Structures are given as structure tokens and as C-alpha cells.
There are 2 protein chains.
Amino acid sequence: MSFGLPYGVFSRPGEPRRVGVRVDDRVLDLAAALGDEVFAAPSLNPFMALGRTAWRAARRRVEAAVRESTAGDLIPLGEVTPHLPVDVADYVDFYASLDHASALGRILRPGEEPLKPNWRHLPVGYHGRAGTVVVSGTPIRRPCGQRPPSAPGGRPSFGPSLRLDIEAELGFVVGTPTGPGERPGAFEDHVFGVALVNDWSARDIQAWEYVPLGPFLGKSFATSISPWITPLDALEGARVDGPAQDPEPLPYLRRSAPWGLDLTLTVELNGEPVSAPPYRGMYWTPDQMLAHMTVNGARLRTGDLFASGTVSGPDDPGSLIELTRNGAEPLTLANGETRTFLDDGDTVTVHAVTRDGIRLAGVSGTIVPAT
Amino acid sequence: MSFGLPYGVFSRPGEPRRVGVRVDDRVLDLAAALGDEVFAAPSLNPFMALGRTAWRAARRRVEAAVRESTAGDLIPLGEVTPHLPVDVADYVDFYASLDHASALGRILRPGEEPLKPNWRHLPVGYHGRAGTVVVSGTPIRRPCGQRPPSAPGGRPSFGPSLRLDIEAELGFVVGTPTGPGERPGAFEDHVFGVALVNDWSARDIQAWEYVPLGPFLGKSFATSISPWITPLDALEGARVDGPAQDPEPLPYLRRSAPWGLDLTLTVELNGEPVSAPPYRGMYWTPDQMLAHMTVNGARLRTGDLFASGTVSGPDDPGSLIELTRNGAEPLTLANGETRTFLDDGDTVTVHAVTRDGIRLAGVSGTIVPAT
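Reading guide: rules and limits
- Residues numbered from 1 in each chain as written.
- Chains lettered and ligands numbered in written order.
- Predicted model: local features only at pLDDT ≥ 70, side-chain atom pairs only at ≥ 80, totals over all residues.
- Heavy atoms only, no water.
- Helix = DSSP H or I, 4+ residues; strand = E, 2+ residues; numbered from the N terminus.
- Rg over C-alpha atoms; globule rule 2.2 N^0.38 Å.
- Buried < 20%, exposed > 50% of the residue type's maximum accessible area, 1.4 Å probe, protein only.
- Contact = heavy atoms within 4.5 Å.
- Lys, Arg positive; Asp, Glu negative; His and termini not counted.
- Charge placed at Lys NZ, Arg CZ, Asp CG, Glu CD.
- Core = buried A, V, L, I, M, F, W, Y, C linked by side-chain atoms within 4.5 Å.
- Salt bridge = Lys/Arg side-chain N within 4 Å of Asp/Glu carboxyl O.
- Phe/Tyr/Trp six-rings, centres within 6.5 Å; stacked < 30°, edge-to-face > 60°.
- Lys NZ or Arg CZ within 6 Å of the ring centre and 35° of its normal.
- Pairing = 2+ DSSP bridges.
- Domains from an automatic or database assignment.
- Buried area = accessible area lost by both parts, 1.4 Å probe.
- Polar contact = N/O pair within 3.5 Å; in protein donor to acceptor, adjacent residues only side chain to side chain.
- Nonpolar A, V, L, I, M, F, W, Y, C, P; charged D, E, K, R; others polar.

Draft legend 1. Broad picture of the overall build of chain A. On a plain count of helices and strands, chain A comes out with 8 helices and 27 strands. On C-alpha atoms alone, chain A measures out to a radius of gyration of 20 Å, which is about the 21 Å that the 2.2 N^0.38 rule sets for 371 residues. Principal-axis analysis of the C-alpha atoms places the extent of chain A at approximately 65 × 50 × 35 Å. Per-residue burial for chain A yields a buried fraction of 62% across its 371 residues. Sequence separation of at least 24 residues holds for 71% of the intrachain contacts in chain A that already meet a minimum separation of 6. Of the side chains in chain A, 34 bear a positive and 44 a negative charge, and the two mean positions are spaced by 3 Å.

Draft legend 2. How the structure looks around the nonpolar core. Ranked by internal contacts, the top residues of the largest apolar core, which has 136 residues, are A:Tyr279, A:Phe306, B:Tyr279 and B:Phe306. Ignoring anything within four residues of it in the chain, the contact list for B:Tyr279 reads B:Leu170, B:Phe172, B:Leu261, B:Leu263, B:Leu265, B:Pro286, B:Met289, B:Ser308 and B:Val311.

Draft legend 3. A look at the pattern of salt bridges. For the structure shown, the criterion picks out 46 salt bridges over all chains. As a salt-bridge pair, B:Arg280 and B:Asp262 come within 3.2 Å of each other at their nearest N and O atoms. Of this pair, B:Arg280 sits in the loop between strand E22 (272–275) and helix H7 (286–294) while B:Asp262 sits in the loop between strand E20 (260–261) and strand E21 (263–269), and the two are 18 residues apart along the sequence. Residue classification places B:Arg280 among the partly exposed positions, given a relative accessible area of 41%. For B:Asp262, a relative accessible area of 14% puts it in the buried group. The salt bridge involving B:Asp262 is made with B:Arg355; its shortest N-O contact spans 4.0 Å. In this pair, B:Asp262 sits in the loop between E20 and E21 while B:Arg355 sits in the loop between strand E26 (347–354) and strand E27 (358–368), placing the two residues 93 residues apart along the sequence. When salt bridges with common partners are traced through the structure, they connect A:Asp165, A:Glu167, A:Asp199, A:Arg203 and A:Lys219 into a single cluster.

Draft legend 4. Just the packing of aromatic side chains, in detail. Tallied over the entire structure, the rule returns 26 aromatic pairs over all chains. Judged by centre distance (5.6 Å) and plane angle (50°), the rings of B:Tyr7 and B:Phe192 are tilted. Here B:Tyr7, found in strand E2 (residues 7–11), pairs with B:Phe192, found in strand E15 (residues 191–198); they are 185 residues apart in sequence, far enough to count as distant. Judged by its relative accessible area of 1%, B:Tyr7 is buried. By the ring-pair criterion, three or more aromatic residues cluster together here, those being A:Phe94, A:Phe172, A:Phe187, A:Trp259, A:Phe306 and B:Phe216. Positioned over the ring face of A:Trp259 is A:Arg239, at 3.6 Å from the centre of the ring. The aromatic ring of B:Phe3 is capped on one face by B:Arg22, whose charged end is 4.0 Å from the ring centroid.

Draft legend 5. The pairing of strand E7 (residues 91–94) of chain A, seen in detail. All names here are of chain A. Side chains Tyr91 and Asp93 project from E7 onto one buried face, and the interleaved Val92 and Phe94 project onto a second face that is buried too. By the bridge criterion, 4 bridges tie E7 to strand E8 (residues 125–128) in an arrangement that is antiparallel. When the sheet's bridge partners are listed, Phe94 is paired in E8 with Gly125. Where E7 and strand E23 (residues 305–307) come together, 3 bridges link them in parallel fashion. In the strand pairing of E23, Tyr91 is matched with Leu305.

Draft legend 6. Representation of unusual backbone geometry. The amide bond that connects A:Val211 to the next residue, A:Pro212, takes the cis arrangement and shows omega of -5°. For A:Pro212, the position within the fold is in the loop between helix H6 (203–209) and strand E17 (223–225). Across the junction of B:Asp246 and B:Pro247, the peptide omega takes the value 5°, indicating a cis bond. Here B:Pro247 shows up in the loop between strand E19 (239–240) and E20. The backbone of A:Arg325 sits at a positive phi, close to 45°, despite the residue not being glycine. Along the chain, A:Arg325 falls in the loop between helix H8 (320–323) and strand E24 (331–332). The backbone of A:Asn326 shows a phi angle near 60°, a positive value even though the residue is not glycine. In this structure, A:Asn326 sits in the loop between H8 and E24.

Draft legend 7. Expanded view of the domain arrangement of chain A. All names here are of chain A. Each domain of chain A was delimited in the assignment, giving domain 1 (7–83) and domain 2 (91–368). Placing the centre of domain 1 and that of domain 2 at their C-alpha centroids yields a distance of 28 Å. Opposite the 20 residues of domain 1 that make contact, domain 2 presents 19 residues. Across the domain 1/domain 2 interface, buried area totals approximately 1,600 Å², and carbon plus sulfur atoms make up 66% of it. Here domain 1 and domain 2 share 3 salt bridges between them. The partner of Arg56 in a salt bridge is Asp233, and the shortest N-O contact between them spans 3.3 Å. Here domain 1 is connected to domain 2 by 2 residue pairs in polar contact (both at pLDDT 80 or more). Breaking the side of domain 1 that touches domain 2 down by element, the ones donating at least two residues are strand E2 (7–11), strand E3 (18–23), helix H2 (45–48), helix H3 (52–68) and strand E6 (81–83). Among the elements that make up the side of domain 1 that touches domain 2, the one with the highest residue count is H3 (4 residues). For the side of domain 1 that touches domain 2, the per-class residue count stands at 11 nonpolar, 5 polar and 4 charged.

Take a look at the structure:
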């Protein structure tokens, strides 16, 4: 297994941020190795804005530079500080797993049909807060907010979230923008690569606030992404057809190429694997998400991030609310502790690997107490 | 009546964008008049990032420069191109009018209680698409998308929105950022000024997509803002207490200073006034919106824009869906034409004036046909 030469932004003490490529547990400084000004930048955006032809040409040069590198050219990961790799423009979060959407519908709207009538016709999504997307390793402060009344008609309470959860997701980073009203071309011409995402979720705040305009403060305190963005080309061997869709989607949502991805996430709580959500069963594929997000004429910007929503299989959900059946069935960890939602001090890490052994760099965060 | 010396970004043919101040129907070039580098920028963000002490000092110098200016120093508005004044970071839209939220609840969820249980406890809001905020005057392309099935259980149709609407709003622009987890100080220390906003809304797309994660493509095709941002200091004479609130909000939402604003919007359809929504009755005041948006630790960035949601009084709504009772009672215009929602070619302009005669620069847009 190896990493697929993912790109990221790093710094060494006293030096400015710059773009590098990860080679297993080392980093190749691309500004130094290739001499391109575009890699002497504090984010991947200038490189991503160049478009696919430039990405592919760069990848060939990167591969050659890695082959020709000696141990002295590669910086141990432990000697660099990783930074947010992308200057995030707009952040959109989808809801593309049938198992996750069904499970959450049953939990949040008991007694109702779990899926809303639109769910099988379009990839449901919403805009999140771009300004609170943070790089893996950033401590996650437990958010305060309004928690639901204990009985209908009652008053909400205020305080730290008591139901702090994770959402293990795959994120897609847009490189090539579109002009106002211009429809995007092929998926691979616009999407630069993928990140692992943890869309931290305060379930109590979310449950109270989300009608009718959707999640807001229950999500907007933090979204963590991996420091390394794996270019799409490294995922060629993972591409599969998405699952069959019934009813057939409208023409603008029909798939023209296989952009399902056969990879498996691993969710670790304090170092212990607690779930292994499979990505390949995700009902809506990322090319469909991109087509939907822009069908109304909305333009893409370099740095747009759209994420899949929680990746959940029938038995391997990507959130604690599903794993513990809304807290009714606590997890028992190897050390005997139990968890329904996250405790202060807990560390969650999400990794992934494709069917052909390409690893995606993980995303990790540790909960610190509310202030 | 006069404008309150609002700031904007303009250019003249062949020249770069720069910051100016509007003096009635003329523009004073601030980079030239004051010599500050911060005004030779393509957006207000560098100036806004300086904070309130700098804003107030600049305002005194601007007032002096305007007093001392001669006709030759001022450029006629017709000779400049206005640009998007703010590099928008995150865009949040609230839902702060009791009359609007009640009316929309009755229309979208007939037979149910119009207000959700949370509405009087918190300012409901959601994130919109920052990348499609456009300056007044930008043509608005009618969006395509999924329109609701004609009967429950049916299939959606696809095509141009048939129910294209407006939302007349007041927008608040953040100047002074906060660090991660840092709580903002006083409202006036962070908010630089106000803009008029038209949050164009495709009601058919919105009605089908918005459960359970909120509005997405029904809004994300375009949001227009005025080219001129009126600094808060120009609105001192318009400040009033917000309306009484029952139940009393939680402590973090309690008002510590009057940030209701006594101003009246005018909505013009093809030059004809069709509604005059009063802002002073808005249930949630903008200081409460700011406090809510950040109570979970979410940081502010320079350029964050948060808008009030549709400004509607009981008899003067800020949207066509309310004015025409969801299309059941068409408007008859002076030329004999009728409208339920917007036709291609229609121009909507929103103006405003405070009780003490300060005018806010208008926001305007014309509908062009779907592609």
C-alpha cells in the first residue's frame, strides 16, 4: 500500500508555507524540486486553478522527481507543520448515503417515512461554513448552543453540546472554475482531488435548529479535512459504477462515466477502529453532485469543497448517532469505557484505502472542553 | 435626503478597481483624495479589516475631503463601473421577520402551525453560496432545476423556474474578524456597514428540495447586493429598540443596545413601487444575529455577509410569494399587465431610506431568459 502522491501545504520552523507532495512518511518540497513559483504558495489554489492539463503534466514531473530523489531530498513528516491545503471558497455538504439518510430520518422524525420524497430524485445538499474548515490536527472545541426543550412546547436550555458526533465523509476539491452561468464540463476537468472530511456535528443543537432552513450552528463550529489532497488520477484503480438508481434520475443527473469509488473508510475512536464504512455503495456519485450543484447556473470557484455526507453502509455507519442508535446502545471500547457521543479528550481519526491499496491521508481531531 | 457617504468599488475605462465614496450622484476617488494604499484595492476588505478605530478616523477624513472637494474632484456616477464591493467570505441568510416566516409557513406547510417551535427562541438562519453574490446591475439568469411533482408520489419535472421571486433584505458586512473560538465584542466593533440585498428565490425549486437540509439551488444561482456599503455610523439616527420579544431570549441573545433600524424599503417592479416593507418591526435584530451566529465558536472573517431575510410588514411584504398570496392574487401593474412571479425582462430594484432621511443605495437586477 502507498499514498497516491497527495499534495499538501506545509512549513518548517521560520519558513513560509509551501506546497509539497507526500511520499509515504516524508514530504518532497515541490517549490524546491520543480522550481515552479506556483508551488511556493500558501495554498494549493494557484496550482489547482491551472486546470487538468497542467495537473497531469505536473504529476509526471512529480513522479520523476520522486523517483530521482535521494533520502536527503525528502523531509520527515514529523519535521513539518501541515496547514489547511485549500483556501476554501464555498463548502457544500451532501447527504448521499441511502443508509445514513434512512437511519437519520428514523432517528430525527420517528413515525414518518425516513426518506423525504425528493431524496431519490436529487442529491440533497446544503451550504456549510467555509470559514471554519480546519486542517486535521486542529483541536475541536466542544460548541455551546441551544439544546432542545425536554418536552414539546418547553424552553430550550443553553450550554455545551451533550451529543457531539462525527460524520466521516469524502470531500471533493474543485480546481477549474466556471464563469457565471457557464455549465461545467467533465467531472475530471473540474475536480482536482479528494480529501477525507470529518463534519463534526452537535446533534442536540442540530435537532432543535434545523427546521425549516437546515443545519447551521450544529455544524458550523468546525469541519476537519485531511492535510493531503489525493489527485483524482491516483484513484483511477478505484473507480466503479455507482449503485443502480430507481427511479432513473433526470437526464442532467445521468452518469456518463463510472465515478463511484471503491474505497473503505476506517473510523478510529482513541485509536480503536469502531467502524469501516464502504464508500462504493453511496447512492449519489460525486459527478452527480457536481452536476446538481451547478444546474441552476451557480458558478464554481477554485477551492470549492463539496463533501459526500456521512459515508454509511448498512452495518458500518460513519457517525456515532447511527453506531449507538441515537445513544440507546453505547459502544464499549477495548479499555472498558463506553461511549454514546464524544467525551472531552476523545480523538477521532478517519483513514481510507482503495481496493487497489492506495491510502488516503487521515483526518484527525481531539475534543477540547467548551469554554 | 442624502446618502450617508457609502463606500464602494468602482473603475473607469482602462483603469484598475479602487475604493470610492458616493456623494449623491458622484463618486470621490479615495485613493486619490486621501492617498491611502488601502483604498487602491479591488475590494473594501483591506479597509474593513482595519477595525472600527480606523473606520471612524477615515470617516472624519472622508467628510473633510468631501467638504473641500470641488466639482472637478467628483466623478459622475454614470462615468464609472460599479463592482462587487466586498470579497464575500461566508454568506448567511436569516429569517428574522415574524410576518414573513409566518406567511411562508402558511404557504409551504398548509394546515400546520406556521412557525416552527424554535422560531421565537433563536434567529433561524442558514449558509448561502458566497460565490454567487453579485453586484447590483448584474443580469439574473432564470435558473433551471427540479420542479415539484404535480401530485404526491409523482416525479419532478425539469426546466426553468416558473416561480421566480425576490427577497428584499438588509445585509450586514463584517469588517473585524475574530480568531478561532474567540467570541466577538460589541456589534459595532465588528460590523462595518449595511447593504441592500435581493436574495433571488426560485420558489418551485426551493419547495421541492428544501427538506430536510434547507434551501440550496432555489437560492444559490444569484444574490444581488448594492454596490455601496453604508457605514454603521451613518445609521446612528435610525437606531431604535427592536420589538418586544416573548418569550425572553436566552442570555446570550439579550440586546444590550438598540440595534433595531427604523428604515423603510421600497420594492420597485419595472419602476413601479409595489411594496414598502418597514425594517423596524423585524423580530430579531442584527446584533442578535451576530451573537447567535458565533455562539458555537464559529469565527468571523472580514467580508462575512449576513442578511436579515425577507423584510416584511403585515401589509408590506418583501417577496412576491407573499404579495400575490402564492400566485393566487396577481399584482396588476400600472400598464395593465399582471404578475404572480417574475417574467423574463422584469427589473426589480430595492431602495431604502431611514427615518432621518439617509438613503441606502439601491440594488437592482433584470431577469434574462434561461439557457
